[in-house]
2 protein chains.
Amino acid sequence: MSKTIEFYWDLGSTNSYFALHLIKPIAARHGARVVPRPFNLGHVFRTHAYVLMDEPKAKIANRITDLHRWAKRHQLPFKMPTRFPIKTSPALRGALAMRRFGKEWEFLERIFAAYWERDDASVAEFEGLRPAAEALGVDVDRFLALAESEEIRQELIAETDGGLARGVFGAPSFVVGNEIFWGKDRMDFIDEELARQGQR
Amino acid sequence: MSKTIEFYWDLGSTNSYFALHLIKPIAARHGARVVPRPFNLGHVFRTHAYVLMDEPKAKIANRITDLHRWAKRHQLPFKMPTRFPIKTSPALRGALAMRRFGKEWEFLERIFAAYWERDDASVAEFEGLRPAAEALGVDVDRFLALAESEEIRQELIAETDGGLARGVFGAPSFVVGNEIFWGKDRMDFIDEELARQGQR
């Protein structure tokens, strides 16, 4: 059985953008499959009664600097979006709809590139998912109807609650076996865990 | 002129324990000097009106798991202390007093080992700093009188405010030239920055 890396993501999470790219070489090295798991952070924060704090200015400034260091190192055309934060449930639901078409990962790459590389916040709306669906060659109207359906809405709730139930609390998170890795900066630990699995 | 790495630390910061150890090989590789800067997080959090949040249980559990992953990887005998958090201003002031004896770094290693490896919270009090001072062969009574003096108290305030003024907001932080690196997990960026300095 091939190895599996579950990837909990939200389009609104800057670090999910980086994680989406950084997990690829690791998955390839271990012949592991990456299974995307939409994780609705808005819902998670409400569950945890978490309110985005007023953080000190120096901390926010340092975070932006840090993100650009990562972008430079990994040669990613990252750009902090003008409109931030955005509503992400349409994109999360869109990914679940796209799962039915077998193109979930490709969809993720497109919507993350739109928002985090091209400053295109249209992906905050269902209609804004249209270009990605078109580019992937699926029946766009069927795709959109599915994304907006009650069925997919419930599926997103179930996915998010499932993550919470197993101990996932933020995005990006990766689950390998019973281990949960939080953040874009734990890739080497994931790499080690996959190597360990190979030795069993 | 030799390269300098300023290291902002607080004894109560778990990640400062790791950072204290992880910076050493990097400093050695670049022939850089590590200059410790006591940073009173209690004061910083008051300044930022930050109150330690009630974090979700899963997040706290994951943080502990992550710390043990780091300890294992770097073969450090880390142990989460029974008494946590502790008052750290005596240790921070002790370090400044020890600076006058030229043994600040050795003092840091001892108090961090006491608290983070041997579960010894006595270092939360001035009297508890006695064994470290004795082991370092300094005049213990002079050392303690200095650590408790108004002069050193003011010096700690000045050091902490100096850090805040230049944009440091947490511990561990490292300053190399004009760059601030926050956290135990940015060592490779520090390494790169020092390498870049060498090319100028």
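Here, the structure is the one placed above.
Residues numbered from 1 in each chain as written. Chains lettered and ligands numbered in written order. Predicted model: local features only at pLDDT ≥ 70, side-chain atom pairs only at ≥ 80, totals over all residues. Heavy atoms only, no water.

A.B. asks: Before we go on, may I ask you to explain the overall build of chain A in this structure?
C.D. replies: Helices and strands together make up the secondary structure of chain A, namely nine helices and four strands. Order of helices (α) and strands (β) in chain A, N terminus to C terminus: β-α-β-α-α-α-α-α-α-α-β-β-α. Its C-alpha radius of gyration of 17 Å places chain A within 12% of the 16 Å reference for a compact globule of 200 residues. Its C-alpha atoms give chain A principal-axis dimensions of roughly 50 × 45 × 35 Å. When contacts within chain A are restricted to residue pairs at least 6 apart in sequence, those whose partners lie at least 24 apart make up 76%. For chain A, the distance from the average site of its 29 positive side-chain charges to the average site of its 28 negative ones is 4 Å. (Helix = DSSP H or I, 4+ residues; strand = E, 2+ residues; numbered from the N terminus. Rg over C-alpha atoms; globule rule 2.2 N^0.38 Å. Contact = heavy atoms within 4.5 Å. Lys, Arg positive; Asp, Glu negative; His and termini not counted. Charge placed at Lys NZ, Arg CZ, Asp CG, Glu CD.)

A.B. asks: How do you make sense of the pattern of salt bridges when you look at a structure like this?
C.D. replies: Close approach of charged atoms allows side chains with opposite charge to pair. Inspection of the entire model under this criterion finds 40 salt bridges over all chains. Among the ionic pairs, Glu193 of chain A bridges to Arg196 of chain A, the shortest N-O distance being 3.0 Å. Of this pair, Glu193 of chain A and Arg196 of chain A both sit in helix H9 (residues 187-199), three residues apart, which is roughly one turn of that helix. In this structure, the salt-bridge partner of Arg166 of chain B is Glu6 of chain B, at a minimum N-O distance of 2.9 Å. On the criterion of sequence distance, the pair formed by Arg166 of chain B in helix H8 (residues 150-166) and Glu6 of chain B in strand S1 (residues 4-9) is long-range, its members being 160 residues apart. A relative accessible area of 12% means that Glu6 of chain B is categorised as buried. Here the salt bridges do not stand alone but share partners, grouping Asp66, Lys184, Asp185 and Arg186 of chain A together with Asp66, Lys184, Asp185 and Arg186 of chain B into one network. (Salt bridge = Lys/Arg side-chain N within 4 Å of Asp/Glu carboxyl O. Buried < 20%, exposed > 50% of the residue type's maximum accessible area, 1.4 Å probe, protein only.)

A.B. asks: Just checking my understanding: could you explain the interface of chain A and chain B for this structure?
C.D. replies: Much of the literature gives interface size as the accessible area that the parts lose upon coming together. Taken together, the contacts link 26 residues of chain A with 26 residues of chain B. Ranking the residues of chain A by area buried against chain B places Arg69, Arg73 and Phe189 of chain A at the top, with a combined share of 26%. Put simply, chain A and chain B have 10 salt bridges between them. Put simply, Arg186 of chain B and Asp185 of chain A hold a salt bridge, and the shortest N to O gap is 3.0 Å. The interface formed by chain A and chain B holds 14 residue pairs in polar contact (both at pLDDT 80 or more) in total. Those elements giving two or more residues to the side of chain A that touches chain B turn out to be helix H3 (57-73), strand S4 (179-182) and H9 of chain A. Sort the elements by how many residues they give to the side of chain A that touches chain B and H3 of chain A lands first, with nine residues. Across the side of chain A that touches chain B, the residue classes tally to 10 nonpolar, four polar and 12 charged. (Buried area = accessible area lost by both parts, 1.4 Å probe. Polar contact = N/O pair within 3.5 Å; in protein donor to acceptor, adjacent residues only side chain to side chain. Nonpolar A, V, L, I, M, F, W, Y, C, P; charged D, E, K, R; others polar.)

A.B. asks: Where do I start with the relation of the copies chain A and chain B in this structure?
C.D. replies: Applying a rotation about an axis and a shift along it to one chain copy brings it onto the other copy. For the pair chain A and chain B, the best superposition has an RMSD of 0.0 Å and corresponds to a rotation of 180° with a translation of 0.0 Å parallel to the axis. Such a combination of rotation and displacement between the chain copies is what one expects of a two-fold axis. Minimal C-alpha distance to the rotation axis in chain A is attained by Asp185 of chain A, lying at 3.6 Å. Of all interface residues in chain A, 100% are interface residues in chain B too; the two copies therefore contact each other through one and the same surface. (Least-squares fit on C-alpha atoms with pLDDT ≥ 70 in both.)

A.B. asks: For this particular structure, what's the right way to read the packing of aromatic side chains?
C.D. replies: Both the distance between ring centres and the angle between the ring planes are used here to describe each pair of aromatic rings. Residues and elements named next belong to chain A. Under the criterion given, the structure shown has 28 aromatic pairs over all chains. Relative to Phe78, the ring of Phe18 lies with its centre 5.1 Å away and its plane at 50°, an arrangement referred to as tilted. Of this pair, Phe18 sits in helix H1 (residues 14-30) while Phe78 sits in the loop between H3 and helix H4 (89-99), and the two are 60 residues apart along the sequence. On the basis of relative accessibility, which here comes to 0%, the residue Phe18 falls in the buried class. Residues Tyr115 and Trp116 carry aromatic rings whose centres are separated by 4.8 Å and whose planes lie at 70° to one another, so their mutual orientation is edge-to-face. (Phe/Tyr/Trp six-rings, centres within 6.5 Å; stacked < 30°, edge-to-face > 60°.)

A.B. asks: Any chance you could explain the pairing of S1 of chain B here in plain terms?
C.D. replies: Along any regular strand the residues' side chains alternate between the sheet's two faces. All names here are of chain B. Among the six residues of S1, five are classified as buried, and the element is accordingly described as predominantly covered. Remark: the S1/helix H1 (residues 14-30)/strand S2 (residues 33-38) crossover connection has right-handed handedness. Alignment of S1 against strand S3 (residues 173-176), held across three bridges, turns out to be antiparallel. Following the sheet pairing, Phe7 is matched in S3 by Phe174. (Right-handed = clockwise from strand over helix to strand, strands pointing away. Pairing = 2+ DSSP bridges.)

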